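# Structural description and commentary
Below are the chains, spelled out letter by letter.
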Amino acid sequence: MVLNGKAAIVTGSSRGIGRAIAFALAKEGAAVLVNYNSGADAAGEVSEAIQGAGGRALVYKANVADPAEAESMVKAAQAEFGKVDILVNNAGITRDNLIFRMKDEDWDAVIGANLKGAFNCIKFAGRSMFRNHFGRIINISSVVGITGNSGQANYSAAKAGLIGLTRAMAKELGSRNITVNAIAPGVIDTDMTRLLPENVRENMLAQVPLKRFGSPEEVAGLVVYLASEAAGYITGQTINIDGGIVCM
Ligand code: NAP
């Protein structure tokens, strides 16, 4: 187990990619704070499954966009686990619309959950890492943060912002042995993409060279690697996991 003795926070881990990340980190020996915003039952099931398999987990409700809630979540992890070694900023939402129809509240909500949430969590969890001279911060961005996407001005801006935040934090925190990387998934099979109209899903699939959507577990495998000692010299990077949608 490559993460024995480590303590992790995974934001938005009641469902989808975050849930798979929480399971994967716990399987490698990390204690995991399972964060959710509205899905208390789903988050409880994730925590019970981790504990049932012999791992350590703590469920915590916090809207990461709210600085006070993010801070109390980090304090809860420190109280339970004694430290935070790994922070995965995974919580995210979409509120798609064309720019002329996009409401201010849809812009604010998407920037809040996806980008400000990561800023809040890094600010509070980063202090523990700074003190301990060790940390792994992994921000879940998206390929649309690189390519942009029609109907997703808010989401594309938030995910591009996460890439900039990743680079800035890699430079600011590197001297304390804290690595900061971003993952840019393509289309992953979760509620977020399952709820899209069938014709939209088919159009997306047509753009994937590997001709299938990715699984949450495939993203989780990359998170485990970036959190491990083996990835200790990788920082400031954005790694695509997208079946080949973006080839650079
Ligand atoms: P999902 O199935 O919709 O799950 C989203 C998770 O985020 C849920 O656990 C939700 O918790 C949580 N969440 C949302 N807003 C939150 C907030 N303000 N505070 C705390 N938690 C919050 O989404 P997903 O597909 O797994 O996506 C996970 C991440 O990957 C997101 O950042 C997304 O943008 C990114 N991503 C996804 C894809 C894809 O194709 N699925 C592609 C690229 C990037 P509650 O249910 O409790 O609200």
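This one's a predicted model, so the numbers in the text were calculated from it and none came from an experiment.

With that settled, the discussion passes to the site of the ligand. The local shell around the ligand holds 33 residues, among which Ser38, Gly39, Asn90, Tyr155 and Thr190 are the closest. At a separation of 2.7 Å, an oxygen atom of the ligand approaches a polar backbone atom of Gly39. Backbone polar atom of Ile188 to an oxygen atom of the ligand: 2.8 Å apart, as the coordinates give it. The fraction of the free accessible surface of the ligand (890 Å²) that becomes covered by protein chains is 95%. Only helix 1 (16-27), strand 2 (31-36), helix 4 (104-132), helix 6 (153-173) and helix 7 (191-194) provide two or more residues apiece to the shell around the ligand. Residues of the shell around the ligand, tallied by class, amount to 13 nonpolar, 17 polar and three charged.

With that settled, consider the nonpolar core. Membership of the largest hydrophobic core comes to 32 residues, with the highest contact counts inside it found for Ile21, Leu25, Val32, Ile50, Val88, Ile183 and Val223. Elements represented by at least two residues in this core include exactly strand 1 (7-10), helix 1, strand 2, helix 2 (40-52), strand 4 (86-89), strand 5 (135-140) and helix 9 (216-227). Membership of the second largest hydrophobic core comes to 30 residues, among which are Leu58, Met73, Ala76 and Val180.

Assignment of secondary structure puts Thr193 in helix 7. Owing to a relative accessible area of 11%, Thr193 belongs among the buried residues under this scheme. At 2.5 Å, the side chain of Thr193 and the backbone oxygen of Ile188 are in polar contact. When neighbours within four sequence positions are excluded, Thr193 is seen to be in contact with Val187, Ile188 and Arg201.

Most of strand 2 is tucked away: six of the six residues are buried. Residues of strand 2 alternate between two faces, with Ala31, Leu33 and Asn35 on one and Val32, Val34 and Tyr36 on the opposite face, all of them buried. One ladder, built from four bridges, connects strand 1 with strand 2; its direction is parallel. The residue bridging Ile9 from the neighbouring strand is Leu33, located in strand 2. In this region the chain leaves strand 1, passes through helix 1 and returns to the parallel neighbour strand 2; the handedness of that crossover is right-handed. Looking at chain direction, strand 2 and strand 3 (residues 57-61) are connected through five bridges and run parallel. Paired with Val34 across the strands is Val59, a residue of strand 3. Traced from strand 2 through helix 2 to strand 3, the parallel crossover comes out right-handed.

Taken together, the side chains of Lys116, Lys123, Arg127 and Arg131 present a region of like positive charge at the surface. Looking at the element boundaries, Arg127 is found in helix 4.

Attention shifts here to the sheet that holds strand 1. Ordered by their spatial adjacency, seven strands build an open sheet running 3-2-1-4-5-6-7, and the pairing between neighbours is parallel. Each edge of the sheet is formed by a strand with only one pairing partner; in this case those strands are strand 3 and strand 7 (238-241). Each strand axis lies, on average, 20° off the axis of its neighbour in the sheet, ignoring direction. Where strand 5 lies against strand 6 (residues 178-185), six bridges are found, and the strand directions are parallel. Within strand 6, the residue paired with Asn139 across the bridge is Ala182.

Considering the arrangement of structural elements, one finds Gly232 in the loop between helix 9 and strand 7. Spatially, the C-alpha atoms of Gly232 and Arg136 are 8.8 Å apart, while their sequence positions differ by 96 residues. Sequence-distant contacts of Gly232, that is, excluding residues within four places in its chain, are made with Arg136 and Thr179.

What counts, and where the lines are drawn
Residues numbered from 1 in each chain as written. Predicted model: local features only at pLDDT ≥ 70, side-chain atom pairs only at ≥ 80, totals over all residues. Heavy atoms only, no water. Near = heavy atom within 4 Å. Polar contact = N/O pair within 3.5 Å; in protein donor to acceptor, adjacent residues only side chain to side chain. Areas by Shrake-Rupley, 256 points an atom, 1.4 Å probe, with all protein chains shown as cover. Helix = DSSP H or I, 4+ residues; strand = E, 2+ residues; numbered from the N terminus. Nonpolar A, V, L, I, M, F, W, Y, C, P; charged D, E, K, R; others polar. Core = buried A, V, L, I, M, F, W, Y, C linked by side-chain atoms within 4.5 Å. Buried < 20%, exposed > 50% of the residue type's maximum accessible area, 1.4 Å probe, protein only. Contact = heavy atoms within 4.5 Å. Pairing = 2+ DSSP bridges. Right-handed = clockwise from strand over helix to strand, strands pointing away. Patch = residues over 30% accessible without salt bridge, like charges linked within 9 Å, V, L, I, M, F, W, Y side chains within 5 Å. Salt bridge = Lys/Arg side-chain N within 4 Å of Asp/Glu carboxyl O. Lys, Arg positive; Asp, Glu negative; His and termini not counted. Charge placed at Lys NZ, Arg CZ, Asp CG, Glu CD. Axes fitted to C-alpha atoms, helices over the stretch in contact; angles between N-to-C directions.

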